[in-house]
Amino acid sequence: TVTDDEMPIINCAADLTELLDDNCEFVIPNYIAQATATDNCDNDLDYTQSPIAGTVISGSGTVQAITITATDDAGNSNNCSFNVILDDVIAPEINCPDDQTEYVDASCEIILPDYTSLAFATDNCSTPVITQEPLAGTVFNLGNYEVSLTATDQDGNTTTCTFNVEVLDNTSPIIACPEDIIVELTDNCDFTLEDYRSMVQATDNCSDVTIAQLPVSGTVITENQEIVMIVEDANGNEAVCTFNV
């Protein structure tokens, strides 16, 4: 009786890196072609694979061993293995908030807020980390600024979105009028109003101011008159005070 008790000789390919899909999964294909085998008696070996083709594996960085077994007609078998390493190259998705408006303080500045909580980010494999540029806490003056938010997943894939921050001044100037003024009437029982603007004290957080007087200087009055002083800054904010002549 002549028998064959020699195992086939089989060699597998080197380890493979495979890419995860949008669900952070990978479907194992048929890797039998990755192995080469020879046998002393059988030129038509039977091959099996474990895990079988169609098996779903998941998770970035997962290492899955694949075993290929060759069996000859006499039932002798031998196997080899290689690793499949899962990699995630899909960048996160991020949606920035709408453009923002901020208003300066008494020093004509804002401290840039942290906008990361206003962004919405998703990833196929992990929860992205959101960072901001310029950083929260950066000091801005009046103007328009671009802010970037970047989502980074656990594998270092990134996506960036941008929005604008408009920094405005809505703080009214500070104004102080003089005390009431007593004047003497002329022989015609009237009085011509003077320019009282230099008697007004006015300051603003961001800019120089202009002062207007109502009624204007040169107006002739014959009785007590309320004088209205209007101060306006460069950004259109106004303040008013009054006194009597």
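Residues numbered from 1 in each chain as written. Predicted model: local features only at pLDDT ≥ 70, side-chain atom pairs only at ≥ 80, totals over all residues. Heavy atoms only, no water.

(A) Summary view of the side chain of N124. Residue placement: N124 occurs in the loop between β12 (120-122) and β13 (129-133). Relative accessible area serves as the criterion here: at 15%, N124 is assigned to the buried category. A polar contact is formed between the side chain of N124 and the backbone oxygen of D21, at a distance of 3.0 Å. In terms of polar contacts, N124 uses its side chain to reach the side chain of D88, at 3.1 Å. (Helix = DSSP H or I, 4+ residues; strand = E, 2+ residues; numbered from the N terminus. Buried < 20%, exposed > 50% of the residue type's maximum accessible area, 1.4 Å probe, protein only. Polar contact = N/O pair within 3.5 Å; in protein donor to acceptor, adjacent residues only side chain to side chain.)

(B) Fine view of the packing of aromatic side chains. On inspection of all chains with the given rule, the structure shows 4 aromatic pairs. A centroid spacing of 5.4 Å and a plane angle of 90° characterise the contact between Y31 and F82, whose relative ring orientation is edge-to-face. Linking Y31 in the loop between β3 (25-27) and β4 (36-38) with F82 in strand β8 (residues 77-87), this pair joins segments that are 51 residues apart in sequence. Pair check on accessibility: Y31 and F82 agree, each one buried. Measuring from ring centre to ring centre gives 3.9 Å for F140 and Y145, while their planes differ by 10°; the resulting arrangement is stacked. The exposure class assigned to F140 is buried, which follows from its relative accessible area of 9%. (Phe/Tyr/Trp six-rings, centres within 6.5 Å; stacked < 30°, edge-to-face > 60°.)

(C) Spotlight on the pairing of strand β16 (residues 158-168). Direction of pairing for strand β10 (residues 100-103) relative to β16: parallel, over a ladder of 4 bridges. Paired with E102 across the two strands is V167, which belongs to β16. Direction of pairing for strand β15 (residues 143-152) relative to β16: antiparallel, over a ladder of 10 bridges. Its bridge partner lying in β16, G143 is registered against V167. The turn linking β15 back onto β16 is made up of 5 residues, and G156 within it adopts a positive phi angle of 85°. (Pairing = 2+ DSSP bridges.)

(D) Spotlight on the state of the cysteines. Following the criterion strictly, the structure yields 5 disulfides and no others. Covalently, C24 is tied to C125 through a disulfide, its sulfur atoms 2.0 Å apart. Because the sign of the S-S torsion sets the handedness, a value of about 105° for the bond joining C24 and C125 places this disulfide among the right-handed ones. On the criterion of sequence distance, the pair formed by C24 in the loop between β2 (16-19) and β3 and C125 in the loop between β12 and β13 is long-range, its members being 101 residues apart. Put simply, C177 and C241 are joined by a disulfide, and their sulfur atoms are 1.9 Å apart. Taking the sign of the S-S torsion, about 75° here, the bridge from C177 to C241 comes out right-handed. Of this pair, C177 sits in the loop between β17 (174-176) and β18 (191-192) while C241 is found in strand β23 (residues 238-244), placing the two residues 64 residues apart along the sequence. Counting only the cysteines that form disulfides, in the order they appear in the protein, gives the pairing 1-3, 2-6, 4-7, 5-9, 8-10. (Disulfide = S-S within 2.5 Å.)

(E) Region of interest: the pattern of salt bridges. As enumerated under the stated definition, the model contains 1 salt bridge in all. Its salt-bridge partner being R197, residue D195 comes within 2.8 Å of it at the nearest N-O pair. Residue classification places D195 among the partly exposed residues on the basis of a relative accessible area of 37%. For R197, a relative accessible area of 40% gives the class partly exposed. (Salt bridge = Lys/Arg side-chain N within 4 Å of Asp/Glu carboxyl O.)

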